[in-house]
Amino acid sequence: MNLLNTLVDKGLRRETPTREEALAVLATSDDDVLDVVAAAGRVRRHWFGRRVKLNYLVNLKSGLCPEDCSYCSQRLGSDTGILKYSWLKPEEASKAAAAGLAGGAKRVCLVASGRGPTDRDVERVAGTIAAIKERHEDVEVCACLGLLSEGQAERLRAAGADAYNHNLNTSEATYGDITTTHTYADRVDTVRKAHAAGLSACSGLIAGMGESDEDLVDVVFALRALDPDSVPVNFLIPVEGTPLAAEWNLTPQRCLRILAMVRFVCPDVEVRIAGGREVHLRTLQPLALHLANSIFLGDYLTTEGQAGRADLEMIADAGFEVEGADEATLPAHRAAAGGGCGAHEGAGACGSHGDGGACGSHRGEGAGCGTEAGGAGCGGHAGAAGSTAAESAAESAAESAAESAAAGADAARTDAARTDAVRTDAARTDAARTDAARTDLVAVRRRGAGTDLAPNA
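What comes next concerns the included structure. Quick caveat: nothing in here was measured; it's all calculated off a predicted structure.

With that out of the way, let us pick up the overall build of the protein chain. In terms of regular secondary structure, the protein chain is built from 17 helices and 10 strands. Sorting the 457 residues of the protein chain into buried and exposed places 61% on the buried side. Summarising the internal contacts of the protein chain: among those between residues at least 6 apart in sequence, 77% fall at separations of at least 24.

Right, here's the structure in full:
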């Protein structure tokens, strides 16, 4: 296919495809999807080899958000049954982070719901960063707190944050249909503030909210113009109780085409498979690793994810390896241009190199971070570990999972730890069809402060 050959050549040269070429990728048929994956996979392997970066979520504050993002289970007036709590203490957050790092995660993502942090909130997060880095000096820390005011990005950087996430989510033309309590321009401004402060910028999108192909291309080209170090791609999780609960628009093949388009437009950027991958990619998740070089593992902010051990097995079985803490994430040329953490040889972690460094990654939630795919938020799991040390990592993951399961056994039996999966008669009838809406896979997460389970056990 001439289109794919052209896109591969451009990707290897870091040349931006045309809008028409990007749209053509989304318009390819299901019969051609393996060819599309193979072509985009060449670009991915050229810049990132077969490494997969693991990321771990710590949900600092859940629910209680004043914004009205239609995709979010934490939105103003939400009746989704999610767990709500305010600000984990630094020692609680540090303990939660340690579980993921012990399992092999390279980056900790600190997320809080809300429009944006107050100055007091920034101090809280600064204390949490200090507590985490006191125990894990080389850890990469990304904050996702919402819209930033003047000077807050600088204060986060001074506190030890390495990256800041704030997603654009959708195109400027349709943003007002998704959220009314803040604007697309507000989001762009926050990404620019983070970048200007020396934080590695991370910004992505949510697919599956009823947008057109043109909207998807628009937001990805807008992201390319902002030049973040990482681009998380979320797939909407339609949680009951949100305005987008009925938006089941994605098939596994469409998700693969979207990821391939992002890779062609952003060839040398860390592309992360984020919220909704288990629900929408389903058994085709291993193919997505040929397109993205980073994933969130396990549970998300307010919905449950795939078990960490299953993710590790998937990575290994697909012929990939988990990226080590001492490996560079981004290509060397991005470091030379002031790129993100781990962008040069020998960079052990965020903040371990000079000015401007910092790692990019993460997605958040609510109106603040606005990256939660319908309640999906950043991923993370105590069972995340490297396939290069598969036995010990898997044992660590299994032990961590077992401890969490034991701690929450009584709660689980009484439905306090986990709600029943959302099922409808139609979903049960269609479950065998490969293109059926898998509403039976969506379960609201009940973990965090005030429960017997850790925030991301």
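The next thing to look at is helix H5 (residues 119-135). Over its 17 residues, H5 runs 25 Å from end to end, which matches the ideal 24 Å to within 8%, given 1.5 Å per residue. Listed in full, the buried residues belonging to H5 are Asp121, Val122, Val125, Ala126, Thr128, Ile129, Ala131, Ile132 and Lys133. Buried residues along H5 sit in contact with strand S1 (51-61), helix H4 (90-102), strand S2 (107-112), strand S3 (140-144) and helix H6 (152-158).

Attention now goes to the pairing of strand S8 (residues 270-273). Neither face of S8 is left uncovered, since the one carrying Glu270 and Arg272 and the one carrying Val271 and Ile273 both have all their residues buried. Between the parallel elements strand S7 (residues 230-235) and S8, the chain passes through helix H10 (residues 252-265) in a crossover that is right-handed. Across two bridges, the pairing between S8 and strand S9 (residues 294-296) is parallel. Residue pairing for S9: arginine 272 is matched across the bridge by serine 294.

What follows concerns the environment of arginine 50. Position of arginine 50 among the secondary structure elements: in the loop between helix H3 (33-48) and S1. Among the residues examined, arginine 50 registers a relative accessible area of 36% and is labelled partly exposed. Here the alpha-carbon distance between arginine 50 and valine 322, two residues 272 residues apart in the chain, equals 8.4 Å. With sequence-adjacent residues up to four places away left out, arginine 50 is seen in contact with Arg44, Arg45, His290, Ala318, Gly319, Phe320 and Glu321.

The rules behind the values
- Throughout this description, residue numbers start from 1 for each chain and increase along the sequence as written.
- Reporting of local features is limited, given that this is a predicted model, to residues whose pLDDT is at least 70; pairs of side-chain atoms are given and counted only at 80 or more, and all residues count toward the totals for whole chains, interfaces and linings.
- The basis for every side-chain value is the complete set of heavy atoms in the structure, and neither hydrogens nor water enter the calculation.
- Here a helix means four or more residues in a row that DSSP labels H or I, a strand means two or more in a row labelled E, and each is numbered from the N terminus.
- Remark: exposure states derive from per-residue accessible area (1.4 Å probe, protein chains only) relative to the maximum for the residue type, with buried under 20%, exposed over 50%, and partly exposed in between.
- Contacts are assigned to residue pairs that have any heavy atoms within 4.5 Å of one another.
- Helix span is expected to be 1.5 Å times the residue number reduced by one.
- Orient the strands so they point away from the viewer; a crossover is then right-handed if the path from the first strand over the helix to the second runs clockwise.
- By the convention used here, strands pair only if DSSP detects at least 2 bridges between them.

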